[in-house]
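Observations on chain architecture
Chain by chain, the residues run as shown.
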Amino acid sequence: MILLVLILLIGFSAAAYWAGRRLARRRAAGTRAHSSLGYHGAYVLLWAAIPALVVLILMAVFSTGIQYQLLLADAPEAIRALDPMRQGAFWYDVLTVADGGTPQQIWAGPQAELLQSEAQRAARIGGLMTLGGAVAAVLAGLIGLGLALRRVAPQFRARNRVEGWIAAFLFVCSAIAILTTLGIIASLLFESLRFFQSVSPLEFLFGTQWSPQIAIRADQVGQTGGFGAAPLFVGTFLIMMIAMLVAGPIGLFSAIYLSEYAGPRQRAIIKPVLEILAGVPTVVYGFFAALTVGPALRGFFNGVGAQLAGGPLDSLGQYLMLVQNQMALVAGGVMGIMLIPFVSSLSDDIINAVPQSLRDGSYAMGATKSETVKRVLLPAALPGIAGAFLLAVSRAIGETMIVTMAAGLAARMTLNPLDTVTTVTVQIVTLLTGDQEFNSPKTLAAFGLGLTLFIVTLGLNIIAQQIVQRYREQYD
Amino acid sequence: MTDAALPPAVAPARPATAAIQKRLKARYAREKRFRAYGLIAIGIAVLFLAVLLGSIVKQGYSAFYTHAVTAEVYLDPAVIDASNPGGANYDQLIASQQLAELGVADDERGTRSTAMRALFSPDAGFGLRERVIEDPSLIGQTIEFTAPIGDDADLYFKDDISRDTPQAQRRLSDEQLAWLDRMEQSGAVTSGFNSDFFTRGDSTQPELAGVLGAVIGSALMLLVTGLLAIPIGVGAAVYLEEFARKNRITAFIEVNINNLAAVPSIVYGLLGLAVFINWMHLPRASPLVGGLVLALMSLPTIIIATRSALKAVPPSIREAALAMGASRTQSVFHHVLPLAMPGVMTGAILAMAHALGETAPLLLIGMVSFTPGIPEGLTSPSGALPVLVYIWENASERAFHERTAAAILVLLAFMIVMNLVAIVLRRRFERRW
């Protein structure tokens, strides 16, 4: 269906192009036209295809909604009497049957008969709308074509018009970036507001009890206090700190070595290797953390615990023997490995941006390379490196797969790296991958968490970019 | 500076020399240590990479070969009803005949034949059933069949299940292992390349699960992503770099794009769920929605890469075109953009490779649900390669473990190919001005 429409549209556009070209050639016979023939053709094409396309898109977007409203407007009494959930399911099945599918649920008695008759009505409405849409699209295309053909003339500035269209198209492309941001903000805000109607924001941000699994029934919300996200924030913070403790020093020292010590040949080998580390998908890191690092560390700590148990450190030994695969240290450590190339390439750029004159000055005073790095380059690059670290922090907070696969689900307020913790992103995934009614507070809570995550990472990014920007300006 | 301030021309042997020497030595030692720290840091990073890749290859290579069993079965007319050949229990038929061949008697409750059935893939009975339905004249004959061996039996032949573990802790009993040994001695068990892994969709049975469905799902998704994100991204970059006047609106768009590039991918998943699925009612878990989400996600990366490629084209090209009477649009589309194309394509391919490995947003738009078979189109439910890794990693069967690692290897292979294409493009066509 879509393919057929597309082929027809392309054929129509091609015909419009040739019509425009030929008409331009005929009307310009003998004289010198302002624009070349191709631009006249393209102008006619645009005026023929775009109105038709707009009508088709409008139809595709709104036809289902209009069809649904028409069905609802004349709904039989027997269906209106059902409770809203059942009504929704009924209409869903009506539309499925109208499309030639089999109903999802079993309907008994009068509803079964109504299902068939309503499905026929739905199919009739749908057919009429498709026909109407097709006629409207053809009419729009023809009217556009006619208007455009009338304007074709030697003096007509077809090229400028076409270029105007191209510029407009390019502007729309860049406006999509803004639309995306608006879409993110609107969808997060809208769903979060509905969530905050049942759970107060204060309780959400500072409450210490996170148990959304209990609050399946709507009347439990707010009474169990199950939506306090503080343990998630603590867990996210803990894993982020562990990741930064791994990625920070290793990334920074790699960057220093790469920019100050390594020759071009060493750089040519080391940089691609680090890029491979950066290119590995996060789900692979998650697999690595869950099935290789987790069991290994657990075995290590259990072994240490077995040594300590029975001795003076008995309680610690007993504790270590109970350490699980899913601990903050595993997720944080592997996330740190993932962030090494990110920190090192950003820091490398920043250290390289420090003017050579500062290095030369320091060497001239007799300083060694390491002294130059420690006393001159790092202080000069400090703001930039801080910005790079903030970007890495925002990455760590938003990272999802590693923590989903390796961090666990227990919401605990702890800073112990050997404990199982959970994070904001893990909970978003858990809340939204279960079988849940979309409007339940449980799913809406995920949008509340998403909004928090978005605001925090956005804030970190803006601060980091400003720092890096100001730092660049200082040396440009 | 006066002469008086200068030290004497010929310095007497200073008593401090030893101290200076010592300090110098310490300074050089510090220098060496500092350099070593850098090398160690890089060494750790490289070591991590080696351990990561090594562990995955070690865990995953065994999934690329598998064991099949070839045996004869007598299609007993007493068991198979000729009028309803689909109704018979073919798994049981195979198992009881295998038991008889090994000279083992089944007990009353059928525990032995159940244990024997566990050694075969359900595909054995399934394939037999199809053959009989297709050709009912086979009933009463003895035919040979080849089928994948059960997942646990496969693991035993791969030495993943050891006799040393106590019987209660392993999936196969001593009796079953003895049967397997005898079947192997009789030559019924053959090992070979695991082609099912590349020609089947996902399945709940590890020995029948393959990556093809997920590969096609990922390919369809990347198709949507590429068709949307590359033209729109290049268009936006051309506008910002070549057309836009420097004013507040363009500055705002720029800040916006930079921030979008750093938004966590899971937020795009939330956006896709709220907008594409709940508001526009596009089909859940379809490559269409997945592609749309990934397109929005990779748009900023493509815009940034394209802009830097356009910036690298020297202004003289634009000026020459304008001087020859070309309009601004003509100078951009006939001269600047073609020259920037290698850089643009490199950036676009790298963005696609990144989108291929992205998992989190796809989980939120419903791809985490089990989708057997091969996706049929853009709107039918489908899997994706990274999501398959996530699903298999959570599976309880031991045999999915090696397949998860193998699926990762397939994913990495695709990413390596894409990255190589990008590198080759950059090497061959990049021009330095």
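Residues numbered from 1 in each chain as written. Chains lettered and ligands numbered in written order. Predicted model: local features only at pLDDT ≥ 70, side-chain atom pairs only at ≥ 80, totals over all residues. Heavy atoms only, no water.

1. Some points on the overall build of chain A
Defined as follows: Counting from the N terminus, the helices are the DSSP runs of H or I reaching at least four residues and the strands are the DSSP runs of E reaching at least two. For the radius of gyration, the atom set is restricted to C-alpha positions; the globular benchmark scales as 2.2 Å times the number of residues to the power 0.38. When checking whether two residues touch, look at their non-hydrogen atoms; a contact exists if any pair is within 4.5 Å. Note that His is not counted, nor are the chain ends; the positive residues are Lys and Arg, and the negative ones are Asp and Glu. In this description, the location of a charge corresponds to atom NZ of lysine, CZ of arginine, CG of aspartate or CD of glutamate.
Regarding its fold elements, chain A presents 17 helices and zero strands. What you see for chain A is a C-alpha radius of gyration of 32 Å, clearly larger than the 23 Å of a compact globule of 476 residues, by over 25%. Along the three orthogonal principal directions, the C-alpha set of chain A runs to about 90 × 75 × 35 Å. Pairs at least 24 residues apart make up 73% of the contacts formed inside chain A by residues separated by at least 6 positions. Averaging the coordinates of the 30 positive side-chain charges in chain A and doing the same for the 24 negative ones gives two points 18 Å apart.

2. What about empty space enclosed by the protein?
Residues and elements named next belong to chain B. To keep it simple, the criterion reads: Cavity and pocket criteria rest on a 1 Å grid covering protein atoms alone: a 1.4 Å probe that fits but cannot get out defines a cavity, protein on both sides within 12 Å along at least 5 of 7 lines defines an open pocket, and an atom within 4 Å of a point defines a lining residue. Grid points are joined across faces, edges and corners, and a volume is the space filled by probe spheres set on the points.
With the rule as written, the count across this model stands at four cavities of 30 Å³ or more. Counted as a void, the largest cavity has a volume near 90 Å³. Along the walls of the largest cavity sit D202, G213, A214, M367, S369, T371, G373, G383, A384, V387, L388 and I391, which together make up its complete lining. The element best represented in the lining of the largest cavity is helix α15 (residues 385-394), accounting for three residues.

3. Observations concerning the interface of chain B and chain A
Put simply, an interface is often sized by how much accessible area is lost when its parts join up. Let me state the cut-off plainly: Summed over both partners, the accessible area (1.4 Å probe) lost when two parts come together is defined as the buried area. When a carboxyl oxygen of Asp or Glu lies within 4 Å of a side-chain nitrogen of Lys or Arg, that pair is called a salt bridge. Within 3.5 Å is the distance limit for a polar contact, defined as a pair of N or O atoms, with the added protein rule that one can donate a hydrogen and the other accept it, and that residues adjacent in sequence qualify only through two side-chain atoms. For this scheme, ten residues count as nonpolar: Ala, Val, Leu, Ile, Met, Phe, Trp, Tyr, Cys and Pro. Four count as charged, namely Asp, Glu, Lys and Arg, and the remainder, Gly too, count as polar.
On the chain A side, the residues contacting the 71 residues of chain B number 74 residues. Between chain B and chain A the total buried area reaches about 6300 Å² when both faces are included, carbon and sulfur atoms providing 77% of it. Where chain B meets chain A, there are one salt bridge. Across the salt bridge formed by A:E371 and B:R27, the nearest N and O atoms sit 2.8 Å from each other. Here chain B and chain A share 10 residue pairs in polar contact (both at pLDDT 80 or more) between them. Per-element accounting of the side of chain B that touches chain A gives the leading share, 21 residues, to helix α1 (residues 17-60) of chain B. Here the side of chain B that touches chain A is built from residues that sort into 51 nonpolar, 15 polar and five charged.

4. A look at the pattern of salt bridges
Residues and elements named next belong to chain B. Keep this limit in mind: Exposed residues in this analysis have more than 50% of their type's maximum accessible area, buried residues have under 20%, and partly exposed residues fall in between, with area computed by a 1.4 Å probe over protein chains only.
Tallied over the full model, the rule gives 16 salt bridges over all chains. K158 is the salt-bridge partner of D154, the closest N and O atoms lying 3.0 Å from each other. For D154, a relative accessible area of 2% puts it in the buried group. The residue E402 makes a salt bridge to K158 at a minimum N-O spacing of 2.9 Å. A residue pair is termed long-range when its members are at least 10 positions apart, and E402 in helix α16 (residues 398-429) and K158 in the loop between α5 (151-157) and α6 (174-185) qualify at 244 residues.

5. Some thoughts on unusual backbone geometry
Residues and elements named next belong to chain B. Of note, A285 is a non-glycine position whose phi angle comes to about 60°, a positive value. Mapped onto the elements of the fold, A285 is located in the loop between α10 (265-279) and α11 (287-312). By relative accessible area, which is 5% here, A285 ends up buried.

6. Focus on a positive patch on the surface
Residue and element names in this part refer to chain A. Rules: For patch building, the residue pool is restricted to those with more than 30% relative accessible area and no salt bridge; the joining distance is 9 Å between like charges and 5 Å between nonpolar side chains (Val, Leu, Ile, Met, Phe, Trp, Tyr). For accessible areas, the Shrake-Rupley method is used with a probe of radius 1.4 Å. Any residue's cover is judged against the shown protein chains and nothing else.
A surface patch of like charges, here positive, comprises R22, R25, R26 and R27. Within the secondary structure layout, R25 lies in helix α1 (residues 2-27). Note on R25: relative accessible area 52%, which makes it exposed.

7. Focus on α1(B)
Quick reminder of the rule: A helix is expected to reach a length of 1.5 Å times the quantity of its residues less one.
Over its 44 residues, α1(B) runs 63 Å from end to end, which matches the ideal 64 Å to within 8%, given 1.5 Å per residue. Residues of α1(B) that are buried include every one of B:E31, B:F34, B:G38, B:A41, B:I42, B:A45, B:L49, B:L52, B:S55, B:I56, B:Q59 and B:G60, and no others. Contact partners of the buried residues in α1(B): α8 (230-261), α9 (264-279), α10 (282-308), α12 (328-353) and α14 (369-398) of chain A together with α16 of chain B.

8. Some thoughts on the environment of A:L245
Residues and elements named next belong to chain A. Take L245: it is sitting in helix α8. With relative accessibility at 62%, the residue L245 sits in the exposed group. On a C-alpha basis, the gap between L245 and P417 in space is 12 Å, while along the polypeptide they are 172 residues apart.

9. Details of the domain arrangement of chain A
Under the convention used in this document: All the domain ranges listed were derived from an automatic or database domain assignment.
Along its sequence, chain A is carved into domain 1 (2-156) and domain 2 (218-475). Each of domain 1 of chain A and domain 2 of chain A has a C-alpha centre, and the two are 50 Å apart.

10. As for the packing of aromatic side chains
So the rule is basically this: Aromatic pairing here means that ring centres of Phe, Tyr or Trp (its six-membered ring) are within 6.5 Å. Orientation follows from the plane angle: under 30 degrees is stacked, over 60 is edge-to-face, and everything else is tilted. Two limits define a charge over a ring: the Lys NZ or Arg CZ must be within 6 Å of the ring centre, and within 35 degrees of the ring normal.
Counted under the stated rule, the structure contains 20 aromatic pairs over all chains. An angle of 70° between the planes, with centres 5.7 Å apart, marks the rings of A:F253 and B:Y37 as edge-to-face. With one member in each of two chains, A:F253 in helix α8 and B:Y37 in helix α1 form a pair that bridges those chains. Here B:Y37 falls in the partly exposed class, since its relative accessible area comes to 39%. Seen from their ring centres, B:F193 and B:F198 are 5.8 Å apart, and the 10° between their planes marks the pair as stacked. A relative accessible area of 58% means that B:F193 is categorised as exposed. For B:F198, a relative accessible area of 31% gives the class partly exposed. Ring-pair connections join several aromatic residues into one group, and the members of that group are B:F64, B:F193, B:F197, B:F198, B:W392 and B:F400. The ring of A:F342 carries A:R395 above its face, with NZ or CZ at 4.4 Å from the centroid. Sitting over the face of the ring of B:Y65, B:K158 holds its NZ or CZ atom 5.1 Å from the ring centroid.

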